[in-house]
Amino acid sequence: MLVTLLGRERTVLAQMAGISYVASFLFLTKLSIGQREVTVQKGPLFRAEGYPVSIGCNVTGHQGPSEQHFQWSVYLLTNPTQEVQIISTKDAAFSYAVYTQRVRSGDIYVERVQGNSVLLHISKLQMKDAGEYECHTPNTDEKYYGSYSAKTNLVVIPDTLSATMSSQTLGKEEGEPLALTCEASKATAQHTHLSVTWYLTQDGGGSQATEIISLSKDFILVPGPFYTERFAASDVQLNKLGPTSFRLSIERLQYSDQGQLFCEATEWIQDPDENWMFITKKQTDQTTLRIQPAVKDFQVNITADSLFAEGKPLELVCLVVGSGRDPQLQGIWFFNGTEIAHIDAGGVLGLKNDYKERASQGELQVSKLGPKAFSLKIFSLGPEDEGAYRCVVAEVMKTRTGSWQVFQRKQSPDSHVHLRKPAARSVVVCTKNKQQVVWEGETLTLLCKAGGAESPLSVSWWHIPRDQTQPEFVAGMGQDGIVQLGASYGGPSYHGNTRLEKVDWATFQLEITFTAITDSGTYECRVSEKSWNQARDLSWTQKISVTVKSLVHDATEEETGVYQCEAEVYDRNSLYNNHPPRASAISHPLRIAVTLPESKLKVNSRSQVQELSINSNTDIECSILSRSNGNLQLAIIWYFSPISTNASWLKILEMDQTNVIKTGDEFHTPQRKQKFHTEKVSQDLFQLHILNVEDSDRGKYHCAVEEWLLSTNGTWYKLGEKKSGLTELKLKPTGSKVRVSKVYWTENVTEHREVAIRCSLESVGSPAALYSVMWYSNRENSGGKMLVHLQHDGLLEYGEEGLRRHLHCYRSSPTDFVLKLHQVEMEDAGMYWCRVAEWQLHGHPSKWINQASDESQRMMLTVLPSEPTLPSRICSSAPLLYFLFICPFVLLLLLLISLLCLYWKARKLSTLHSSTQKEKALWVDLKEAGGVTANRREDEEEDEGD
């Protein structure tokens, strides 16, 4: 591409130079009427080998036609006196043999600028082209007068210019600086100037190169048109570091700077006419620059403004919270998972399907309210607008080619729109005798009663026969009382046995006399009311199931047994007198045995292999070859066995004998519910549709068909079961190969401790790929089950909600995944393994697809019981626990008793001491009293003696 670009630039510059030469000739030549004068560009002209040259020639003062002819010759340095003819505008055979081929190939040609001036172009000079070039004009005048030729010298010099820069690939983040240096040098003997220009190409180099900045031959810095503002802000600079070094500096990279950068050096020389001409030009190798955009995370939410009533407006606003300043955002609206509208960052609106027609009729409007807000407005809500709305916002950057590059994409949660129903009427459907089972030939009377305020009502009755899904119209009555019967119920075969009557303003009675077996099924009553402020009538429905039993009696297992009848003979009057029978007799016993019919079910057992491209859709068939006669129903169960060691069969979907769809335990996630669905194509053909096939869908599939019989008492009996052949689903190689390390791993961990189990990739694939990991375990006393799923977008999904606190899964490095178990219990012992899947974007619009996966080896985790501590021993011993609990109370009681005893003894001693003191005091008193008495006696005796 660069070589082609260089050649094209050479041609254009050469042509422009030639025009400038002619302009200078026209300006400098002196006009002399009647005197012919031929002038050529003044020499010597210095040009480099391998590059172009353009030499101008002009004639003035001539007579004859205005368009003159020119002939070019050269006197080569090897023979200066020998004229060698090159090319002529008049004679195609003018060229000598040495120039014939170069003239024919277009390497040498003459360009007529005006009638009297031309340019001689030599596209690629050779060293032997040096010499004296002569321009001659044949005479068209009446006589020879003036000059008819002119000469100039051309010097061919070697190409000495070089421009070098090592080829490399750089990864930068937006906002980081960049510095690149190229070396440009020349060794030309003549005085020449250099100019240096830095260029950027994008989209793999297939687009036009964009000029970043250049240092001209006059040493002036000139920014490219897209870099003028950044140059003025000193964000983009070009510095000359030395005689040959030129450095490009960008202070803050932008995402638009991504691409291939190269440097171009041009050598210029000044001709004698003082015009500067380039003589050589060289480009360096490219440096590939990849820029990771500095994206700020954001969230997307939807707000709704509506009464959610039919006929009322609805406006949904998609708001972006976060992101950077002045982001470039595009919004996409989805309804029930299908794109309905999008607005790109430039404001261009695109509508899908009938939404385009609704918008043109003024019923719908999609707009951008602001830099971070998108609006979806429906002016009159209808039932068709009920559902889930979602908004997806992408942050983008416009490339130089005009396309939008997506940085990140976020989607809002679903916003569900449900119309508010008007004041609902209660509708009750019942049979007249409250019995939903009648015998064949009896009359079936159904009542439909509406509640609520009195208002004109209309009614329609519908019948859904058993084993069918399409309802049949039975009868209807409008508000005006006019009755209309269905085609199957008002025909001659019914002989007027269907009648619809209005009992009161809210009660409608449907009567079917002489019922048949085909009248069994579900009856639906639809009550309608005119809505004066709505575009449609309001309606309410209710159903009831009715069974018409056949008179050719169908025995059930409950009726199995031995039957006898007894006959008694009475007189005519004995019945009134309560006399015993005159005679009686008992019949022979009759045994009734009920056996189920033999199943004749056969299913196609041929196996097959399907090899598909990733992200494609496929169908797996389950074909019934033969089935039993009678009113029998089929149940279809689809099974899947993934490509995995010890993989078991997983139930995907089941459509039971009543056509009810049930999802298998492993397929309850919204993604898998959307991926798999079954369809009954015909009575003998069922299909499993698989959308957007990815690596996790690889494996084997088969269906199991069950044949069921419904007895008259409503009991289902399974007659037989057959399995189809296996359909193996393979994916065509995509170039991706995930390899998980197969190293056998064992770990012993003590109970109540923490343990980390690791799963490693042997290599990382594409940088654009994302990875998910699923951890499984096969513990003791339980089968294998999924523990946790770290999705490719970083979300964690647990197999059981109770595992959230016990487990944690994360990615510790680009190649390592870790499962951490907190507070390990004894039941955590067992086998563990991981399955790593690679995800890449596929399709338009692109979506993440699982395109390769691999499983690790089984890893054994052994849990050891923890060593008992003193508290644990105490707590584990009931007698010791009781002893430690009761002992303090016993000791405290003994202590209290001891204290009481001491207190009692102290009181006793104190009392004894007190009595002793009293006795002592009394004894002293008595003693003193006794002494006084004795003294008195002695005194008295002395007195008596005297």
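Caption draft 1: How the structure looks around the layout of surface pockets. Considered as a void within the structure, the second largest pocket measures approximately 880 Å³ in volume. Surrounding the second largest pocket, 31 residues form its lining, Arg466, Asp467, Ser520, Asn631 and Leu710 being those nearest its centre. When contributions to the lining of the second largest pocket are tallied by element, the ones reaching two or more residues are β34 (458-465), β39 (521-529), β40 (538-549) and β53 (699-710). Counting residues per element, the lining of the second largest pocket draws most heavily on β40, which supplies four residues.

Caption draft 2: Highlighting the state of the cysteines. With the rule as written, the count across this model stands at six disulfides. Linked covalently through their sulfurs, cysteine 448 and cysteine 525 form a disulfide whose S-S length is 2.0 Å. On the S-S bond that ties cysteine 448 to cysteine 525, the torsion sits near -80 degrees, and the link is left-handed. Placement of the pair is cysteine 448 in strand β33 (residues 444-450) and cysteine 525 in strand β39, with a sequence separation of 77 residues. Take cysteine 448: its relative accessible area is 0%, and that puts it in the buried class. In this model cysteine 622 forms its disulfide with cysteine 703; the gap between the sulfur atoms is 1.9 Å.

Caption draft 3: Molecular detail of the sheet that holds strand β3 (residues 53-60). With antiparallel pairing, four strands are arranged side by side in an open sheet as β1-β3-β7-β6. If you trace the sheet from one side to the other, it starts and ends with β1 (37-40) and β6 (108-114), each paired once. With direction set aside, neighbouring strand axes in the sheet form an average angle of 20 degrees. Examined bridge by bridge, β1 and β3 share four bridges and lie antiparallel to one another. Among the inter-strand pairings, glutamate 37 is bridged to a residue of β3, identified as threonine 60.

Caption draft 4: Representation of a nonpolar patch on the surface within the structure. On the surface, Phe885, Ile886, Phe889, Val890, Leu891, Leu893, Leu894 and Ile897 cluster together into a nonpolar patch covering about 800 Å² of accessible area. Here leucine 893 is to be found in helix α8 (residues 878-945).

Caption draft 5: Looking closely at the pairing of strand β51 (residues 676-682). Note: β51 against strand β52 (residues 685-690), six bridges, orientation antiparallel. Each residue of the ladder has a partner; that of serine 682, found in β52, is leucine 685. Taking the residues that link successive antiparallel strands as the turn, the β51-β52 hairpin has two residues.

Conventions used here
- Residues numbered from 1 in each chain as written.
- Predicted model: local features only at pLDDT ≥ 70, side-chain atom pairs only at ≥ 80, totals over all residues.
- Heavy atoms only, no water.
- 1 Å grid on protein atoms, 1.4 Å probe; cavity = no way out; pocket = protein on both sides within 12 Å on 5 of 7 lines; lining within 4 Å.
- Points joined across faces, edges and corners; volume = space filled by probe spheres on them.
- Helix = DSSP H or I, 4+ residues; strand = E, 2+ residues; numbered from the N terminus.
- Disulfide = S-S within 2.5 Å.
- Buried < 20%, exposed > 50% of the residue type's maximum accessible area, 1.4 Å probe, protein only.
- Pairing = 2+ DSSP bridges.
- Axes fitted to C-alpha atoms, helices over the stretch in contact; angles between N-to-C directions.
- Patch = residues over 30% accessible without salt bridge, like charges linked within 9 Å, V, L, I, M, F, W, Y side chains within 5 Å.
- Areas by Shrake-Rupley, 256 points an atom, 1.4 Å probe, with all protein chains shown as cover.
- Salt bridge = Lys/Arg side-chain N within 4 Å of Asp/Glu carboxyl O.

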